[in-house]
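Reading the structure
These are the residues of each chain, in order.
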Amino acid sequence: MALECDTVQTTLRTYIVTVSLLLGPSALSVATSLVRDPRGSGVRLGALKYSLSKELGSRGLPFVLALAVGGGQCLQILWEIWKEQPKPSKSYVPNPPRFSYSLALLQNALRGSIQALDSKFTAYQKVFAMNAMASWAAAAILLHRRGQSYASSAPPSGTKSFTVDLTLWLLVHALDALVQSRLLSWKNKAAPRHTNAPMGDAHTRDPASERQLNHDMAISATLSKERIKFNAYFDGFLFWASSARIMWCFFYEPQRLPRSYVKWIGRLARVDWRLLELLRAVRQGNWSYIRGSDQHKIASSLASDLGYPTSWGNPKLLPACGGQTANTVWAALGVSGRDGVGGLPCQLVHGRAAAWLGLNDSCVANAIFRAAYALIEAFAIYLPVYFTPLLLTRPRSILSPDCFLPRITSAIRSAAFLSAFISSYWFTVCMTRTLVLARLLPDISHDTWDGPYGCAFSGALVCGTSILIESAKRRSDMALYVLPKGLRASIPNSWIKSPAANLVERATFTLSIATLLTTAAHSPDALRGLAGWIAAFIINGPKITFWRKGKQSTIGRVEKDVEQSPNVRRK
């Protein structure tokens, strides 16, 4: 009976947390917009009502995930019940009813199969199989919903998808759980490898046992540090690769990214939309410094709005390459700061970042001021992130230096990361097209430097290295956040609508959820990021303590690992 109650509670918590994460941001956005502009309340409330009716139904995401979690646990309970069923008596019943006889045969065959398979599979494999069967049914419901959305008259815009983003998120966290499980298993195997002496408590251990325990604790501490170090650099690499793809798509294929994400990047980067159109025109061959362009009004209007002559935005008048020829053109156009290089003047690229000091032509000043603007804005973003949990759980402790100083330091560190991310992108663009590469190779046309694999590509490769500013834990959070978006930006939209994608996505969804649920049951420490929090809440409910004070020390955790290891013999 206790197992059935736990299953019901787990299923309800899954439904509740999914509804909160799915509809909470939408409800908050609607409430905020109503406060700012009450005139559009009808449309916004209608959209919220539509979302509620769609997601709270039998084909909504909360029901689907609750089916996967609760269904897997129900199958595990049924497996245990059938496994413990005794063999039927062999008493003879003359002329039994055909239906009862067939049912008895089916029950005996099912019982025999379960009892035979139970001895062949490990506990992990059995739990994984049960979760996979329930997840397969959940995936069928979810993909049927996506098929209906694609068959509707209104095709989805951009990369908005009912299932692909979720499937990639689950895939990334499932792969991370497998990697972390392997690292933890290596640590647990290596730490007590040489522990053969019997161990009691601290007062009864002999000197040899004490030395052995200290040795095992040192090994475990070393392995823990190595695991943290590996995760820090591997997470940094994943973030770098994902952010490079995301930033390149932001400039050239924004339809591959979520619309809200594109708006957020554009707001922080403070880039004029006409520069984006210009870069895309260069990529498509509609803008060329060599052949000229009929779309020069884009850059000409930008020059006019910034207070410069419209000729500065006409590719027919701008030098395609560097050298002395470019200097002659710049002297005729009245452009300063571009001696020896061609292309669009830096004043148009920099915009108004340093205009109030008259340093529009300075690439260094542009990077510095953009870094300062980004630092202030990022600090305003991260300050609530670090202090809101504290205000909700322990508001009185906010004035304590032990609580306040670490959080304010972390907020500044995260803001510095985002500031470095943005400013390094801008400065790398200038290093490529103005300061270094274009000067070293003046014969290469700016159709290349301003092309899809020129300055924008260089900036995308460099900006992700700013993740090294963040702490190891924050690197993992950031990597797990951007990696699904980077993968989604790499998948063609045409393939997603193909028949093969349906089967691949269903298998990925099934295996990913089964992996996460099985890992949560057998190795919860291997779950990181949002997946770890969700798993802890679903399993423990109100007992979740990830924000509580009093973290266990490293030595305490190591001693606990050694003491609880099955290879350590005790008195």
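Quick note: structure is the one above.
As a starting point, this report considers the structure included with it.

It is worth spelling out the side chain of Gln180 at this point. The topology assignment puts Gln180 in helix α6 (residues 164–190). For Gln180, the contacting residues outside a window of four places in its chain are Arg227, Asn231, Ala526 and Arg528.

Attention now goes to a nonpolar patch on the surface. On the surface, Leu435, Val436, Leu437, Leu440, Leu441 and Ile444 cluster together into a nonpolar patch covering about 460 Å² of accessible area. The residue Leu435 is located in helix α14 (residues 401–435) in this model.

Let us look at the nonpolar core. Buried together is how nonpolar side chains tend to be arranged in soluble globular proteins. Judged by nonpolar contacts, the single largest core of 68 residues is most densely connected at Met247, Phe250 and Leu344. The element best represented in this core is α14, accounting for eleven residues. Setting aside residues up to four positions removed in sequence, Leu344 forms contacts with Leu275, Leu278, Tyr289, Ala299, Trp312, Gly313, Leu318, Arg338, Val349, Arg433 and Asp450. Among the nonpolar cores identified, the runner-up in size contains 17 residues, and Leu61, Leu142, Leu166 and Leu527 belong to it.

For helix α18 (residues 472–488), with 17 residues, the first-to-last C-alpha span of 25 Å sits near the 24 Å given by 1.5 Å per residue. Taking the largest bend as the criterion, α18 deviates by roughly 25°, centred on Val482, and proline Pro484 comes between one and four positions later. The buried fraction of α18 is high, at twelve of 17 residues.

Take unusual backbone geometry next. Although it is not a glycine, Arg270 sits at a positive phi angle of roughly 55°. Assignment of secondary structure puts Arg270 in the loop between α8 (259–269) and α9 (273–284).

So, on to the packing of aromatic side chains. The tally for this structure, following the rule as stated, stands at 17 aromatic pairs. Aromatic pair Phe239 and Phe417: ring centres 5.7 Å apart, planes at 65°, arrangement edge-to-face. Highlighted residues: Phe239 in helix α7 (residues 207–252) and Phe417 in helix α14, separated in sequence by 178 residues. You can call Phe239 buried: its relative accessible area is 3%. In textbook terms, an aromatic cluster arises when at least three aromatic residues are bridged by ring pairs, as seen for Trp248, Tyr252, Tyr453 and Phe457. Its guanidinium or amino end placed over the ring of Tyr481, Lys485 lies 4.0 Å from that ring's centre, counting from NZ or CZ.

Cut-off values and rules
Residues numbered from 1 in each chain as written. Predicted model: local features only at pLDDT ≥ 70, side-chain atom pairs only at ≥ 80, totals over all residues. Heavy atoms only, no water. Helix = DSSP H or I, 4+ residues; strand = E, 2+ residues; numbered from the N terminus. Contact = heavy atoms within 4.5 Å. Patch = residues over 30% accessible without salt bridge, like charges linked within 9 Å, V, L, I, M, F, W, Y side chains within 5 Å. Areas by Shrake-Rupley, 256 points an atom, 1.4 Å probe, with all protein chains shown as cover. Salt bridge = Lys/Arg side-chain N within 4 Å of Asp/Glu carboxyl O. Core = buried A, V, L, I, M, F, W, Y, C linked by side-chain atoms within 4.5 Å. Buried < 20%, exposed > 50% of the residue type's maximum accessible area, 1.4 Å probe, protein only. Expected span 1.5 Å × (residues − 1). Bend = angle between axes of the 7 residues up to and from the residue. Phe/Tyr/Trp six-rings, centres within 6.5 Å; stacked < 30°, edge-to-face > 60°. Lys NZ or Arg CZ within 6 Å of the ring centre and 35° of its normal.

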